[in-house]
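# An overview of the molecular structure
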Amino acid sequence: MMLIKELMSKFYIKAALAWVLTILASIIILKEVNDEVRWLVVMLITGVSLFWTVLFIQRPEKIENSLPDEVVPGKQPLPEKIQAYFTSLISFSRQEIPPLIKSMKQINDVVLDANSTLHQSFNGLAENAGKQGRLLQDIISKLHTDNGTSNDFIFDKFTKDTATVLEHYVELSLNVSDKGIEAANKVQDMMVHLDEMFELLQSVKYIADQTGMLALNASIEAARAGEAGKGFAVVANEVKKLSEQSVKLNDAIHNNVNLSRKSLEETNEIVGKIASLEMLDVLDAKDNLDNMIVDLNHVSESVLDSLQTSSTVATAIQNDVSQAVMALQYEDMVSQLNVHVKSWLQSFESDIASMESLLTESDVSVIVTAMNELLNKKISQGIALQSAVSSSSVDEGDVDLF
Amino acid sequence: MNVESVLSENGLTLTISIWGEFNFMVLNEFRAAYNNDTARSAKNIIIDLRKTETIDSSALGMLLNMQRSLKKSNREIRIINCNEVVKRIFAITHFDKKFVIE
């Protein structure tokens, strides 16, 4: 802006000077000429003034327009060395571009192939991780019962059963002891009765002995009575025999009762053994059971913890895999870029053809202008390609593949 | 003498104490302590286990038999001064629901 102002002010000074000079010349001329030609002079002066004005107003544009004119050379053919350079460049490009296009296609194919394999693998992985997760969740939900305790599924039934078994054992042993003691008491009662029977037998023996003595006395008295006591002596003898048999019978009964007593004593001992169960063993069993329940609870809890961790891991794997599958969309980007690069290379090929035809042009300035056009076209294509690449990258966002 | 029974002065309470091991060995002594007119006339029966070291299942059987024997008169049977092991045995056999255990 400052520059233009400066320029403008310079032109105005010049214009003003020209005006002043023109007007001074006009005044001098107007004094010399007569009235007849004065209007011609006025017209001439006006024309000159207008010429100056137009000249100075147009001046800046003229300067700008005249600049290229100063640097444009005359018609010249392209120097041979440059032409040779261009020719070798063109043949080199012709040679290199087709393999590049082929390579791009190969890259595309390889990427697509690898991508489909990866897709399959990841989908399989995601599916299996999902199955695993569901399986673990299933187990966890089975472990969690309605009332929220975690042991019912595996351990609670077992511990409950064991506790029931112990309870049954306690009940059974209590019952056995109860009945055993009852039996022992009866045995004891029976022994008392047997002891009473011994006393009775003792009395019976005493009676038999006394009867024997009486029979003996009776037979003595019968002998003293002589012939008259003969019949009585027979009776006395019979009584004596009976008393002897009584004593024998009494001894036999005594022996049998004694055997019974011994049997009862043995029975008592056996019943005592049956009725006497060590209760400390039961207490130990109960302690063991309680400890086992505590241990099993710990095991159950840790199993549940592990299962929950595994389930979380399975979910994490699934998430990772689905992210990986999402990341595999780079395939689209690669294909797009491939298409871009390929079309760029193909257009470059056609550019080379037109460049080749340009080289036959006799005027170097025509060649330069055409080259410039080509260059600008390539630059704009390059910018389009770059923006395509960067927009693809932006689309993928957080996927760090590139 | 492993079992001792003492009747209170007012004749209402009979206290039976067992020394050492309460097992089948004291069967007759223990039975004798409650199976008599004195015991039957007493209003309260107390089994004092202060001097009792251990018990086995036969002792439990004896207590149950005693309870059955004295049940008719509808009197209270209390078991007192049990040590920790004996208390646990009474708990595991649910004796604390059949007797008054103190």
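Up top is the structure these notes are about.
Here goes a summary of the coordinates provided. None of the values given here were measured: they were computed from a predicted structure.

Moving on, we come to the packing of helix H3 (residues 80–143) of chain A against helix H6 (residues 279–327) of chain A. Residue and element names in this part refer to chain A. Two elements in contact, H3 and H6, have axes separated by 8 Å at closest approach and are oriented at 155°. Here H3 is positioned roughly antiparallel relative to H6, judged by the angle of their axes. Classified by chirality, the crossing of H6 by H3 is left-handed. Grouping the amino acids of the contact of H3 with H6 by side-chain chemistry returns 15 nonpolar, 10 polar and no charged.

Summed over the entire model, instances satisfying the criterion amount to six aromatic pairs over all chains. Between Tyr 85 of chain A and Phe 86 of chain A, the aromatic rings sit 6.0 Å apart at their centres with planes inclined by 65°, giving edge-to-face as the arrangement. Overall, the relative accessible area of 51% leaves Tyr 85 of chain A in the exposed class. Here Phe 86 of chain A falls in the buried class, since its relative accessible area comes to 18%. Ring geometry for Phe 30 of chain B versus Tyr 34 of chain B: centroids 5.6 Å apart, planes at 70°, classification edge-to-face. Here the residue Phe 30 of chain B and the residue Tyr 34 of chain B both occupy positions in helix H1 (residues 27–34), the gap between them amounting to four residues, near one helical turn. Taken individually, Phe 30 of chain B and Tyr 34 of chain B each receive the classification buried, so the pair is uniform in this respect.

Once that is clear, we can look at the interface of chain B and chain A. Taken together, the contact between chain B and chain A spans 23 residues of the former and 23 residues of the latter. Between chain B and chain A, a total of about 2100 Å² is buried, with carbon and sulfur atoms accounting for 61% of that surface. Applying the counting rule to chain B against chain A returns four salt bridges. One salt bridge connects Asp 178 of chain A with Arg 68 of chain B, and the closest N-O pair in it is separated by 2.9 Å. Of all elements in the fold, only H1, helix H3 (57–70) and helix H4 (84–92) of chain B reach the threshold of two or more residues within the side of chain B that touches chain A. Looking at the side of chain B that touches chain A, its residues break down into 11 nonpolar, seven polar and five charged.

Before going further, it helps to examine the sheet that holds strand E1 (residues 3–7) of chain B. All names here are of chain B. Sheet architecture is open: five strands sit in the order E1-E2-E4-E6-E7, paired in mixed fashion. Among the strands making up the open sheet, the edge pair consists of E1 and strand E7 (100–101). For E1 and strand E2 (residues 13–18), the ladder comprises five bridges, and the chain directions are antiparallel. Bridge pairing links Val 3 to Ile 18 in E2. Contacts from H1 reach E1, E2 and strand E4 (44–48), with the element oriented near 170° to E2.

All names here are of chain B. Of all hydrophobic cores here, the largest spans 42 residues; its most connected members are Ile 16, Phe 22, Phe 30, Ile 47, Leu 49, Leu 63 and Phe 90. With seven residues, the top contributor of residues to this core is H3. If we skip the residues at most four places from it in the chain, Phe 90 touches Leu 49, Ile 55, Leu 60, Leu 63, Ile 79, Cys 82, Phe 95, Asp 96 and Ile 101.

Reading guide: rules and limits
Residues numbered from 1 in each chain as written. Chains lettered and ligands numbered in written order. Predicted model: local features only at pLDDT ≥ 70, side-chain atom pairs only at ≥ 80, totals over all residues. Heavy atoms only, no water. Axes fitted to C-alpha atoms, helices over the stretch in contact; angles between N-to-C directions. Helix = DSSP H or I, 4+ residues; strand = E, 2+ residues; numbered from the N terminus. Parallel < 35°, antiparallel > 145°, perpendicular 65-115°, else oblique. Left-handed = near helix turned anticlockwise from the far one by under 90°. Nonpolar A, V, L, I, M, F, W, Y, C, P; charged D, E, K, R; others polar. Phe/Tyr/Trp six-rings, centres within 6.5 Å; stacked < 30°, edge-to-face > 60°. Buried < 20%, exposed > 50% of the residue type's maximum accessible area, 1.4 Å probe, protein only. Contact = heavy atoms within 4.5 Å. Buried area = accessible area lost by both parts, 1.4 Å probe. Salt bridge = Lys/Arg side-chain N within 4 Å of Asp/Glu carboxyl O. Pairing = 2+ DSSP bridges. Core = buried A, V, L, I, M, F, W, Y, C linked by side-chain atoms within 4.5 Å.

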